Amino acid sequence: MSLLMDNGLDNRKVYLDYNSTTPLAPEVLTTITETLSVCYANPNSTHEEGVRAKQCMEEARGHVATMIGAKSSDIVFTSGCTEANNMVIHSCVTHHRRVMKQEGTPGSLPHIVTSNLEHGSVLGTVKRLIDDEEIELTIVKGDPSCGHVLVEDVIGAIKPNTILVSIMLANNETGVIQPVKEISSALAVLKREQKRKYPFLHVDSAQACGKIPVSISEFDVDFLSIAAQKLYGPRVGALYVRGLESKVVPLYPFIIGVGQERGFRSGTENTAYIAGMGKACELVYNNLNVYHQHMKEMRDYLEEQLSEHFGDSVHFNAKFPGVERIPNTCNVSMIGDQLQGWRVLSNLQHCMASTGAACHSKCAKPSETLLCSGVPEDIARNSIRISLGRDTSKEDIDVFIADLKQAVDKTLKS
């Protein structure tokens, strides 16, 4: 009989894929349900029920803004981070085109700087624009000695026609935090010394919000993307744009319609989900220290248990001395020719994790992020990302360790 069954845990399920999506916090579910009943009207209607729905939405906008220390007027709601990231990139390309036309040099292409560690919604978008010959592009490589980009590499990639620098705050696969604050400071010096307005700085904070402090005043960014489903909210998102209404930073509509969201994002707003996002952000603002401390304690316990039970048979990916990570993420590989991550995951009986940003498919290619972080190809193929949540317990981790043991044994025998 297995250790799992000996402990009476044969029917227990443990979710360890919180970087993919979190469940709704109970308070968020209550808010969504109540909003569906009370604020059902179109928030753009001028009658009493429409005004009520609008007020509900504006209250949520305030909670999102408060979480990151921004003004409510600088927040635009979107369907998620993918849309927000697309909005930023296409807005900067459009802005460059219009400015160049006004200056009489319409043939000049905008230049964008990003990294090879970014989410597909950034890399996929810029690569499409390259294919369409709409931009010039520099992809800065992450440094294999630390798992993040180097500030000097980002600044060194900037050209006279650079319109945008886009760098994520925390990597979704490794949890490594990028030096956004330092990049922002270096950009400010560059622009001041060269007396230039550009480039703008965009930060995808999808994996950071709800796990570490995210402050507009500290990072001094022009754009910041937020995903509610990563912080115990529903599947909607928001985009912060510095000085939006005064047009300090440009934003052009990506979805065209009748001009909801003050003309920046058409489509009738999903009031209930927006309200849910507001509640999720309110919870983060009020409880972040508690969330952070618990997740870090559980992540540290997980890594201690992995080392104790697997010894040299486990490799910790992109875990560098002195390099900060978000507190809930652990990326490991089991050492062995047959122990590809997807194989091991398919043999877990009680726990749910992932191989990284991709789904549990039988991926032939190892993670580009891990390769860029100095992980050898044979080890990168075996990667498993374990991401913990606010309620993950030591008992959950003990179940995972036992489940991982049997999954490894079963994989080796198959």
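What comes next is a walk through the structure. (Residues numbered from 1 in each chain as written. Predicted model: local features only at pLDDT ≥ 70, side-chain atom pairs only at ≥ 80, totals over all residues. Heavy atoms only, no water.)

### Details of the overall build of the protein
Right, so step 1: Helix and strand counts for the protein come out as 13 helices and 12 strands.
Right, so step 2: Rg of the C-alpha trace for the protein: 22 Å, near the compact-globule value of 22 Å for 414 residues, within the 12% margin.
Right, so step 3: Principal axes of the C-alpha set define a box for the protein whose edges measure 75 × 55 × 35 Å.
Right, so step 4: Residues classed as buried in the protein amount to 57% of the 414 residues present.
Right, so step 5: Within the protein, residue pairs in contact and separated by at least 24 positions form 72% of the contacts whose partners lie at least 6 positions apart.
Right, so step 6: If you sum the accessible surface of the protein, you get close to 18,000 Å²; carbon and sulfur atoms cover 50% of it.
Right, so step 7: Treating the 41 positive side-chain charges of the protein as one cloud and the 49 negative ones as another, the clouds have centres 4 Å apart. (Helix = DSSP H or I, 4+ residues; strand = E, 2+ residues; numbered from the N terminus. Rg over C-alpha atoms; globule rule 2.2 N^0.38 Å. Buried < 20%, exposed > 50% of the residue type's maximum accessible area, 1.4 Å probe, protein only. Contact = heavy atoms within 4.5 Å. Areas by Shrake-Rupley, 256 points an atom, 1.4 Å probe, with all protein chains shown as cover. Lys, Arg positive; Asp, Glu negative; His and termini not counted. Charge placed at Lys NZ, Arg CZ, Asp CG, Glu CD.)

### Description of the packing of aromatic side chains
Right, so step 1: In total, this model carries four aromatic pairs according to the counting rule given.
Right, so step 2: Both rings, one in F200 and one in F223, keep their centres 6.1 Å apart while their planes meet at 80°; by these two values the pair is edge-to-face. Remark: F223 occurs in strand β7 (residues 223-227) and F200 occurs in strand β6 (residues 200-204); sequence separation between them is 23 residues. As far as the burial class goes, F200 and F223 line up, both buried.
Right, so step 3: One aromatic cluster is present, formed by Y15, Y18 and Y232 through successive ring pairs.
Right, so step 4: Across from the ring centre of F316, 4.9 Å away, lies the NZ or CZ of K319, which sits over that ring. (Phe/Tyr/Trp six-rings, centres within 6.5 Å; stacked < 30°, edge-to-face > 60°. Lys NZ or Arg CZ within 6 Å of the ring centre and 35° of its normal.)

### Comments concerning helix α13 (residues 394-413)
Right, so step 1: Between its terminal C-alpha atoms α13 stretches 29 Å, which fits the 28 Å expected from 20 residues at 1.5 Å a residue.
Right, so step 2: For α13, the complete set of buried residues consists of D396, I397, V399, F400, I401, A402, D403, L404, Q406, A407, V408 and T411. (Expected span 1.5 Å × (residues − 1).)

### Regarding the pairing of strand β12 (residues 383-387)
In the case of a regular strand, side chains alternate between the two sheet surfaces.
Right, so step 1: The buried fraction of β12 amounts to five of the five residues, a majority that puts the element mostly inside the structure.
Right, so step 2: What you see with β12 is no split at all: S383, R385 and S387 on one side and I384 and I386 on the other are buried throughout.
Right, so step 3: Note: strand β10 (residues 329-334) against β12, five bridges, orientation antiparallel. Residue pairing across strands places N331 opposite R385, the latter belonging to β12. (Pairing = 2+ DSSP bridges.)

### Observations regarding the sheet that holds strand β8 (residues 237-241)
Right, so step 1: An order of β2-β8-β7-β6-β5-β3-β4 is seen for the seven strands of this open sheet, with the pairing classed as mixed. Edge positions in the sheet fall to β2 (75-78) and β4 (136-140), since each of these pairs with one other strand and no more. Pairs of neighbouring strands in the sheet enclose a mean axial angle of 20°, with direction left out of account.
Right, so step 2: As paired elements, strand β5 (residues 162-166) and β6 share three bridges and run parallel to each other. For S166, the partnering residue across the bridge sits in β6 and is H202.
Right, so step 3: Sheet strands touched by helix α3 (residues 48-68): β2, β7 and β8. Its angle to β2, the strand with the most contacts, is close to 110°. (Axes fitted to C-alpha atoms, helices over the stretch in contact; angles between N-to-C directions.)

### Remarks on helix α5 (residues 120-131)
Side chains of residues three or four places apart in an α-helix project in the same direction, reflecting 3.6 residues per turn.
Right, so step 1: Here α5 spans 16 Å end to end across 12 residues, near enough to the 16 Å set by a 1.5 Å rise per residue.
Right, so step 2: Of all the residues in α5, the buried ones are S121, V122, L123, T125, V126 and L129.
Right, so step 3: For α5, the secondary structure elements touched by its buried residues are α4 (81-102), β3 (111-115), β4, β5 and β6.
Right, so step 4: Among the residues trailing α5, E133 stands out with phi positive, at a value near 55°.

### Some words on the sheet that holds strand β9 (residues 314-316)
Within a sheet, neighbouring strands are paired by backbone hydrogen bonds and run either parallel or antiparallel to one another.
Right, so step 1: On the basis of which strands lie adjacent, the open sheet formed by three strands has the order β9-β10-β12 and antiparallel pairing. Strands with a single pairing partner mark the edges of an open sheet, and in this sheet they are β9 and β12. On average, each strand axis in the sheet is inclined to that of its neighbour by 30°, with strand direction left out of account.
Right, so step 2: Helix α9 (residues 271-310) rests against β9, β10 and β12 of the sheet, and its axis sits at about 15° to β10.

### Notes on the pairing of β4
Right, so step 1: Where β3 lies against β4, five bridges are found, and the strand directions are parallel. Pairing of S115 across the sheet is with V140, part of β4.
Right, so step 2: For the crossover that starts at β3, traverses α5 and ends in the parallel β4, the hand is right-handed. (Right-handed = clockwise from strand over helix to strand, strands pointing away.)

### A word on the nonpolar core
Right, so step 1: With 59 residues, the main nonpolar core has I68, V214, V221, L224, I226 and M277 as its most contacted residues.
Right, so step 2: For this core, the element with the highest residue contribution is α9, accounting for 10 residues.
Right, so step 3: Apart from residues no more than four positions distant in its own chain, I226 is found in contact with V64, M67, I68, C81, S205, C209, L231, G237, A238 and M277.
Right, so step 4: Membership of the second largest hydrophobic core comes to 28 residues, among which are L302, V332, I384 and I397. (Core = buried A, V, L, I, M, F, W, Y, C linked by side-chain atoms within 4.5 Å.)

### Quick notes on unusual backbone geometry
Right, so step 1: For the bond running from Y198 to P199, omega is 15°, close enough to zero to count as cis.
Right, so step 2: Mapping P199 onto the fold places it in the loop between α7 (180-194) and β6.
Right, so step 3: Its identity is not glycine, yet E133 carries a phi of approximately 55°, on the positive side.
Right, so step 4: Counting through the fold element by element, E133 comes out in the loop between α5 and β4.
Right, so step 5: Phi at Y232 is positive, roughly 70°, even though this residue is not glycine.
Right, so step 6: Given a relative accessible area of 8%, Y232 falls into the buried group.

### Some points on the packing of α9 against α13
Right, so step 1: As a packed pair, α9 and α13 sit with axes 10 Å apart at the nearest point and diverge in direction by 30°. In terms of orientation, α9 lies roughly parallel with respect to α13. The interaxial crossing formed by α9 with α13 has right-handed handedness. Where α9 approaches α13, its residues M298, Y301, L302, Q305, L306, H309 and F310 are matched on the opposing element by K394, I397, D398, F400, I401, L404 and K405. (Parallel < 35°, antiparallel > 145°, perpendicular 65-115°, else oblique. Left-handed = near helix turned anticlockwise from the far one by under 90°.)

Treat this as a map of the structure, not an account of what it does.
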